[in-house]
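An overview of the molecular structure
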Amino acid sequence: MAYQSKVGTDWTVDELDLIVAEYFSILGAQFADAPVVKAHRARALDEQIGRGHKSIEFKHMNISAVLAELGLPNIRGYRPMANYQQAIFPAVERYLDAHPDAWEIGEPAHLLPVGERWGGGARSGGGAEPFAPSSGLQARGRPFADRPTIDAPSIEPPTEIRPLIIEPAPPPGAPRKPRPEGLERLVRKYNPAARDHRNRLLGRLGEEHVFRHEVDRLIAADRMDLAKKVEWTSQERGDGAGYDIRSFSSAGDERLIEVKATRGARSTPFFVTRTEREVSRERPDHWRLHRLYDLSVEPKLFRLKPPLEVAVTLEPETWRATVG
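This one's a predicted model, so the numbers in the text were calculated from it and none came from an experiment. (Residues numbered from 1 in each chain as written. Predicted model: local features only at pLDDT ≥ 70, side-chain atom pairs only at ≥ 80, totals over all residues. Heavy atoms only, no water.)

1. Observations regarding helix α2 (residues 38-49)
Short version of the rule: A run of DSSP states H or I qualifies as a helix once it reaches four residues; a run of E qualifies as a strand once it reaches two. Both are numbered from the N-terminal end. Multiply 1.5 Å by the residue count of a helix minus one, and that product is the helix's expected span. Between two residues, a contact is recorded if the distance between any of their heavy atoms is within 4.5 Å.
Taking 1.5 Å of rise per residue, the 12 residues of α2 would be expected to cover 16 Å, and the 16 Å separating its terminal C-alpha atoms lies within 8% of that figure. In the core, the buried residues of α2 are packed alongside α1 (13-31) and α3 (53-69). Phi turns positive one or two residues past the end of α2, at G50, with a value near 65°.

The following block contains the structure:
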């Protein structure tokens with residue numbers, strides 16, 4: 001029950017530390033498939049701090065908004081609300097600095113289906129087995145001997161890939177609200193775009209979502225001839241092509257798809273490489289960026305077409321220096 005003396009007052013440092021820790025506890029339980037009743041947890045927290053259920057729920061949604069910007073998943077049911085109290089940013093920072101394992105919540109290592117996607121399940125030894133995604137092609141008996149071989153990490157338990165939710169792209173020239181100073185500093189410190197870029201399992205899982213979607217889309221359009229030609233370019237030929245997947249429209253037009261995946265939300269920043277930007281300019285009619293987000297909970301996707309500058313803000317992350 002809320003204490004009357006606290007109505008309309010800012011949360012204290014201790015209260016914020018408690019609710020941030022509670023948020024991550026619920027989030028971890030969510031991905032461990034542990035039963036959690038959020039109302040019961042909120043009631044228990046209210047007994048400690050006396051802020052009331054609605055205030056606690058709203059603060060949880062504030063934390064969701066911060067984590068979305070940092071590329072982390074959210075608690076289901078606590079949608080991001082960005083009306084922040086400035087003190088929430090250092091509270092999240094204190095927790096993440098004290099608990100670096102929090103960055104692993106919702107990691108692809110807990111999501112990748114082993115048996116059906118990495119050649120027969122987790123293995124203790126090395127070596128590689130034929131790549132055989134469980135798409136409509138496999139169901140119709142197509143051999144995958146011509147697919148690439150991928151070293152299978154020992155990942156369990158297996159989990160089914162969920163269908164993609166296709167959402168509209170941001171409207172051209174849509175202005176982005178500037179981040180509060182405290183949040184901007186957090187994004188700069190933890191650099192979610194760089195984290196996602198370095199996360200090979202995340203990238204590979206995102207690409208497979210899109211690969212399977214493209215294959216299934218062409219099968220549904222009765223273009224099995226084209227479905228058989230869909231190429232997971234980054235796996236078959238390596239990085240550096242400027243796109244990850246070569247696919248086709250149902251009419252047979254080539255599609256060059258660059259996939260950017262995150263566990264975070266729609267607004268989580270991402271990297272675009274020089275090569276990707278150059279290919280997007282050279283082949284604007286064929287190149288598309290597929291932004292895959294909320295990958296840990298309910299994968300969603302929107303598509304961007306060149307010129308990228310129309311839909312996103314491009315900022316230099318690093319500079320190449322030449323001496324002499």
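So that's the structure; there's more coming.
2. Focus on unusual backbone geometry
A cis amide bond links P306 with the next residue in sequence, P307, at an omega value of -5°. Mapped onto the secondary structure, P307 falls in the segment after β7 (300-304). Even without being glycine, N191 reaches a positive phi, approximately 45°.

3. Notes on the pairing of strand β4 (residues 245-248)
Heads up, the condition is: Pairing between strands is defined by DSSP: at least two bridges between the two strands are required.
Bridge count between β4 and strand β5 (residues 254-261): four bridges; the pairing is antiparallel. Among the inter-strand pairings, R246 is bridged to a residue of β5, identified as L256. Here β4 hands over to β5 after five residues, with G252 in that stretch at a positive phi of 100°.

4. A short note on the sheet that holds β7
Working definition: the strands of a sheet are paired by backbone hydrogen bonds and lie parallel or antiparallel to each other. Overall, mixed pairing links the five strands, which are arranged β3-β7-β6-β5-β4 in an open sheet. At either end of the open sheet lies a strand with only one pairing partner, and these are β3 (165-166) and β4. Bridge analysis of β5 against strand β6 (residues 287-293) gives six bridges, and the strand direction is parallel. Counted as the bridge partner of L256 is W287 from β6.

5. Here we look at the packing of α3 against helix α4 (residues 88-98)
Rules: Angles shown run from 0 to 180 degrees and are taken between the N-to-C directions of axes, each axis being a line fitted to C-alpha atoms and, for helices, limited to the stretch in contact. The scheme is simple: roughly parallel for angles under 35 degrees, roughly antiparallel for over 145, roughly perpendicular for 65 to 115, oblique for anything else. In this scheme the crossing of two helices becomes right-handed for a clockwise turn of the near helix relative to the far one and left-handed for an anticlockwise turn of less than a right angle.
Interhelical geometry of α3 versus α4 gives an angle of 65° and a closest axis separation of 11 Å. Taken together, α3 and α4 sit at an angle that is classed as roughly perpendicular. The interaxial crossing formed by α3 with α4 has right-handed handedness. Residue-level contacts link K59, I63, V66 and L67 of α3 to I88, F89 and V92 of α4.

6. Section: the environment of V37
Let me state the cut-off plainly: With a 1.4 Å probe rolled over the protein chains alone, any residue whose accessible area is under 20% of its type maximum counts as buried; one over 50% counts as exposed, and the rest are partly exposed.
Position of V37 relative to the elements: it lies in the loop between α1 and α2. Taking the relative accessible area as the measure of exposure, V37 reaches 43% and is therefore partly exposed. When the C-alpha atoms of V37 and I26 are compared, they prove to be 9.1 Å apart, with 11 residues separating the residues in sequence.

7. A few points about the environment of R274
By the element assignment, R274 lies in helix α12 (residues 274-282). We classify R274 as exposed; its relative accessible area is 57%. Taking the C-alpha atoms as reference points, R274 and G242, 32 residues apart in sequence, are found 8.5 Å from one another.

8. Some thoughts on the pattern of salt bridges
Quick reminder of the rule: The term salt bridge refers to a pairing of a side-chain nitrogen on Lys or Arg with a carboxyl oxygen on Asp or Glu at a separation within 4 Å.
A complete count under the given rule lists 23 salt bridges for this structure. Linking E93 and K189 is a salt bridge whose minimum nitrogen-to-oxygen distance equals 2.7 Å. Taken together, the residues E93 in helix α4 and K189 in helix α7 (residues 181-190) connect sequence positions 96 residues apart. What makes E93 buried here is its relative accessible area of 13%. Residue D225 pairs with R223 through a salt bridge whose shortest N-O separation is 2.8 Å. Residues joined by salt bridges that share partners form a network here, namely E93, D97, R185 and K189.

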